[in-house]
Amino acid sequence: MALEYMQLFYLFILTVLQFTHSLQPANSEPVPIPTDKLLVLTVATQQTDGFLRFMQTAKYFNYTVKVLGMGKEWKGGDVGNSIGGGQKVRLLKEAMQNYADHEDLVVMSVDSYDLIFAGGPEELLKKFQQANHKVVFAAEGLVWPDKRLADKYPSIRSGKRFLNSGGIIGYAPHINKMVQQWELHDNDDDQLFYTKVYLDPLQRERLNITLDHKSQIFQNLNGAVDEVLLKFGTERVRARNVVYDSLPVVIHGNGNTKIYLNYLANYIPNVWNYEQGCGVCDNDLFDFTDIKDYPSVTIGVFIEQPTPFVPEFFEKLLTLDYPKDKLHIFIHNNEVYHEKHMQKLWVQNKNVFKSFKVVGPEENLSQGEARNMGMELCRKRESCDYYFSIDADVVLTNTQTLRLLIEQNRKIIGPLVSRHGKLWSNFWGALSLDGYYARSEDYIDIVQSKRVGVWNIPYMAHIYLIKGETLRNELKERNQFVLEKLDPDMALCKNARQLTIQREKDSPSPESFHMLRPPKGVFMYITNRHEFGRLISTANYNTSHFNNDLWQIFENPVDWKEKYIHQNYSKIFTQNLAEQPCPDVFWFPIFSEKACDELIGEMEHYGSWSGGKYTDKRISGGYENVPTDDIHMTQVDYEKEWLHFIREFISPVTLKVFSGYYTKGYALLNFVVKYTPEGQASLRPHHDSSTFTINIALNSKGTDFEGGGCKFHRYNCSLESPRKGWSFMHPGRLTHLHEGLPTTNGTRYIAVSFIDP
């Protein structure tokens, strides 16, 4: 009878439980874990750039983070390249003893040097609950560190199969039970330890462990870079795994994926998006407001190959808006050709700066040695706050460049400069597997300023600013620019971004682990928040002429125009700055003073003036009806460049003043004429063999010569006061019979072209 009562009692209890369960919604979810029940633990012995970035993302999402090991010596080896990391487990073991009895506390242990948060605590805890296990490890597609263990992993239908110890989340008692088993050395491998725990079926069941196979919580990038893309939202940016259609909360740049993590972290979570632009560019700026004592800067200038427009480079450098008594100048000139420029610079500016040091080609320094020398000057001088390195092929157009770079307050930062009209710039957005150029997804948008901000990049060159304290700490070794067979800038960037020194493939012994250098991982940034300038091309720079920059009209057209075209040229079109002193004779500015002087200098250096003879083998037929004492552009190999000048700068003026006429911009005769009282002083009346003629005054009346000018007989009109750098344009045939008026003193030079013959 008692047995029957017991059976009826159990049946009653079962019925009540089934009824209670039937009252609950079919899709009910567990009660959310409060965010104050989440604790993030990370191990970091130094505040590297990667660590500071990790903390910034944690702060953005309001994570509670406890840092273990800060300030202590790292003895866990080079976990980025070989086994190691046991120190992390030991520190976690010690910390977890304080939380062993906190059954409702969720603990997440993650790396920090190469990891960022992409989602908040609420999302993280929800996904942890959905995993329905007490402990969840990150997963990856590559087995490490012992490939022989691959077959012992449980089989899965899909997803990442292998454990990664860079991300762990679980209830505190279960995490504690696991790490209390650690009895190894600091330089033993943390991932191998966790792997053996997971691969033990009894331990896996007892601790209720699983892996995040489909990257719901943890996204390890190693072996999965092609799976992860940016997903832009209105307020923040996420990383999306396109294989599993997941939005991971934690992004881990393990293995050789640090550069791709840096790319993702240029956007995630709130660094940059399309709606708001850069969300962090104004954080932690250096404030120049009311500053009395400006930071001391050592400027290293490098001329390593023949470079066009060097005098103009120094002119722009001298106009930097920064106290000259705070600037120390170091110049390495590796080219004998530029010694004349250096001598002039030295004479004019040796007492302008706090110090001025020039090392010339006679020292026979390599690029790397010279750059090491310049950087060492700042490193050794404790008062040096910044080192500003600039190559002579950089055209700085922003006088505030130095202040703007200092203001951003980064360890290493460079201004974006690129070649005019091209995608060639001073940075790379990504690297290939062999460490050379690869184009990042955002490279073009950054170069073209479609995305504006401050960008973490793997390589920069030509121009950059480095904090003095960075040179005396992370980059304290003198030889930063010589590494393997890399060029100097690549060597510097590799030294800066590498987390540790390179080692042999075989793991070091436990005794030698402590000898490894601490991690560097210095971030390098490029900013395009302002227009800073451009790069010029040094390719094909021929130094065989007297004034070689004249030939740069094709290779560097913007700089050629800036140097050689009159500053008021554009006013011809905007303000009608074209005078008409005689009927259909138009007078307008075209050449700068430098253009006039250098063209004269080039011709005088050549020296073979024709003498104004009728017999002239330079022209078809060998006879000139109205000869002048001249040198043809073809004689100095300047014909091609001169014709391009006509098409680019004379043709637009022709269309404006002779409305409806479209010139071909072609001329058979282009030459410079010299008039002197003792030689050829004037030119008899004549017509030109052209549709129209240009006549450019190359020097100044009253200063260089007396007399001169041009008289148009049909209109009895003379132009007797030519202005240096101005041209007059007139029809050549039929209507404009003209003569060259006598030069009575000095030497008069003009450049002439008979256009559209």
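Being a predicted model, the structure only gives us computed values, none of them experimental.

Q: Describe in detail the overall build of the protein chain, supporting the description with residues and values.
A: Check the secondary structure of the protein chain and you find 19 helices and 41 strands. Computed over its C-alpha atoms, the radius of gyration of the protein chain comes to 37 Å, more than 25% above the 27 Å expected for a compact globule of 757 residues. In terms of overall dimensions, the protein chain has C-alpha extents of about 145 × 60 × 55 Å along its principal axes. For the protein chain, the proportion of its 757 residues judged to be buried stands at 54%.

Q: A description of the side chain of Lys 674 should follow, citing residues and the corresponding values.
A: Secondary-structure assignment places Lys 674 in strand E32 (residues 667-675). Polar side-chain contacts of Lys 674 include one of 3.4 Å to the side chain of Glu 604. Not counting the four nearest positions on each side in its chain, Lys 674 is found in contact with Glu 604, Trp 609, Asp 629, Gln 680, Thr 747, Arg 748 and Tyr 749.

Q: Talk me through the sheet that holds strand E38 (residues 726-731); I want residue IDs and the actual numbers.
A: Taking strand neighbours across the sheet as the criterion, the seven strands line up as E29-E30-E38-E34-E41-E32-E31 in an open arrangement whose pairing is antiparallel. Looking at the sheet topology across the chains shown, the edges are occupied by strand E29 (579-582) and strand E31 (630-632). For this sheet, the mean inter-axis angle between neighbouring strands, taken without regard to orientation, is 25 degrees. With eight bridges joining them, E32 and strand E41 (residues 748-755) adopt antiparallel strand pairing. Within E41, the position partnered with Tyr 675 by the bridge is Arg 748. Of the strands in this sheet, strand E30 (585-589), E32, strand E34 (692-697), E38 and E41 are in contact with helix H19 (residues 639-657), which crosses E32 at around 95 degrees.

Q: So what's going on with the sheet that holds strand E26 (residues 463-467)? Which residues, and what values?
A: Pairing is mixed in the open sheet, where eight strands are placed in the order E16-E15-E14-E17-E26-E19-E27-E24. The outermost strands of the open sheet, each flanked by one partner alone, are strand E16 (355-359) and strand E24 (454-457). Between one strand axis and the next, the sheet turns by 20 degrees as a mean value, whatever way the strands run. Relative to strand E27 (residues 524-527), E24 runs antiparallel, the two being bridged by four bridges. Looking across to E27, one finds that Val 454 is bridged to Thr 527.

Q: An account of the pattern of salt bridges is requested, with residue identities and associated values reported.
A: Per the stated rule, a full pass over the model turns up 36 salt bridges. The salt bridge involving Lys 563 is made with Glu 312; its shortest N-O contact spans 3.5 Å. Pair noted here: Lys 563 is in helix H16 (residues 557-564) and Glu 312 is in helix H9 (residues 310-318), with a separation of 251 residues, a long-range link. Just as Lys 563 is buried, Glu 312 falls in that class too.

Q: I'd like a description of helix H12 (residues 401-408), backed by residues and values.
A: Extensive coverage of H12 is indicated by the burial of six of its eight residues. Every buried residue of H12 is accounted for by Thr 401, Leu 402, Leu 404, Leu 405, Ile 406 and Gln 408. Of the residues trailing H12, Asn 409 is marked for its positive phi of about 60 degrees.

Q: Quick rundown of the nonpolar core? Include the residues and the values.
A: Judged by nonpolar contacts, the single largest core of 51 residues is most densely connected at Ile 251, Leu 264, Ile 268, Ile 412, Phe 427 and Met 460. It is helix H15 (residues 488-497) that provides the largest number of residues to this core, a total of five residues. The next biggest cluster of nonpolar side chains, apart from the first, holds 44 residues, and it includes Leu 550, Cys 596, Met 729 and Ile 755.

Q: Run through the environment of Val 89, naming residues and quoting values.
A: Mapped onto the elements of the fold, Val 89 is located in helix H3 (residues 86-96). Linking Val 89 and Lys 656, residues 567 residues apart in sequence, is a C-alpha distance of 79 Å. The residues contacting Val 89, other than those within four sequence positions of it, are Trp 182, Asp 190, Phe 193 and Tyr 194.

Q: An account of the packing of aromatic side chains is needed here, citing residue identities and associated values.
A: According to the stated counting rule, one finds 49 aromatic pairs in the structure shown. Residues Phe 427 and Tyr 443 carry aromatic rings whose centres are separated by 5.0 Å and whose planes lie at 45 degrees to one another, so their mutual orientation is tilted. Linking Phe 427 in strand E21 (residues 427-428) with Tyr 443 in helix H13 (residues 443-447), this pair joins segments that are 16 residues apart in sequence. Each of the two residues, Phe 427 as well as Tyr 443, counts as buried.

Q: So what's going on with the pairing of E32? Which residues, and what values?
A: In terms of burial, E32 is largely enclosed, as eight of its nine residues are buried. When E31 meets E32, the two strands line up antiparallel, connected through three bridges. In the strand pairing of E32, Ile 631 is matched with Val 672.

Q: Before we move on, could you go through helix H6 (residues 190-199) and cite the residues and values that matter?
A: In terms of residue burial, H6 counts as a mostly covered element, since eight of its ten residues are buried. Within H6, burial applies to Asp 190, Gln 191, Phe 193, Tyr 194, Thr 195, Val 197, Tyr 198 and Leu 199. Elements that come into contact with the buried residues of H6 comprise H3, strand E5 (135-140), strand E6 (162-171), helix H5 (172-179), helix H7 (201-206) and strand E7 (209-212). The N-cap residue of H6 is Asp 189: its side-chain oxygen and the backbone nitrogen of Gln 191 are 3.2 Å apart.

Q: Can you lay out the state of the cysteines for me, pointing to particular residues and giving the numbers?
A: Note on terminology: disulfide describes a covalent bond linking the sulfur atoms of two cysteines. Tallying each qualifying case throughout the model produces three disulfides. Note on cysteine connectivity: Cys 378 is disulfide-linked to Cys 384, with sulfurs 2.1 Å apart. For the disulfide bridge between Cys 378 and Cys 384, the dihedral angle about the S-S bond is near -95 degrees, and by the sign convention the bridge is left-handed. Residue Cys 378 shares its accessibility class with Cys 384, and that shared class is buried. Free cysteine Cys 493: the closest other cysteine sulfur is in Cys 378, separated by 17 Å. Of all cysteine sulfurs, the one in Cys 710 lies closest to Cys 596, which takes part in no disulfide; the gap is 18 Å.

Q: Give a detailed account of the packing of helix H11 (residues 367-380) against H15, specifying residues and quantitative values.
A: One can describe the packing of H11 onto H15 by two numbers: an axis separation of 9 Å at closest approach and a directional angle of 55 degrees. By the angle between their axes, H11 is oblique relative to H15. From H11, Gln 367, Gly 368, Arg 371 and Met 375 reach across to H15, where they touch Pro 488, Asp 489 and Leu 492.

Q: Outline the side chain of Gln 408, supporting the account with residue identities and numerical values.
A: Secondary-structure assignment places Gln 408 in helix H12. On the accessibility criterion, Gln 408 (3% relative accessible area) is buried. A distance of 2.8 Å separates polar atoms of two side chains, one belonging to Gln 408 and the other to Arg 529.

Q: I'd like a description of the confidence of the model for the protein chain, backed by residues and values.
A: Residue-level pLDDT values for the protein chain average 92, and 92% of them are 70 or greater. Counting contacts from residues 499-518, a segment whose pLDDT is below 50, to residues more than four positions away or on other chains yields 31 contacts.

What counts as what
- Residues numbered from 1 in each chain as written.
- Predicted model: local features only at pLDDT ≥ 70, side-chain atom pairs only at ≥ 80, totals over all residues.
- Heavy atoms only, no water.
- Helix = DSSP H or I, 4+ residues; strand = E, 2+ residues; numbered from the N terminus.
- Rg over C-alpha atoms; globule rule 2.2 N^0.38 Å.
- Buried < 20%, exposed > 50% of the residue type's maximum accessible area, 1.4 Å probe, protein only.
- Polar contact = N/O pair within 3.5 Å; in protein donor to acceptor, adjacent residues only side chain to side chain.
- Contact = heavy atoms within 4.5 Å.
- Pairing = 2+ DSSP bridges.
- Axes fitted to C-alpha atoms, helices over the stretch in contact; angles between N-to-C directions.
- Salt bridge = Lys/Arg side-chain N within 4 Å of Asp/Glu carboxyl O.
- Core = buried A, V, L, I, M, F, W, Y, C linked by side-chain atoms within 4.5 Å.
- Phe/Tyr/Trp six-rings, centres within 6.5 Å; stacked < 30°, edge-to-face > 60°.
- Disulfide = S-S within 2.5 Å.
- Parallel < 35°, antiparallel > 145°, perpendicular 65-115°, else oblique.
- pLDDT = per-residue confidence, 0-100.

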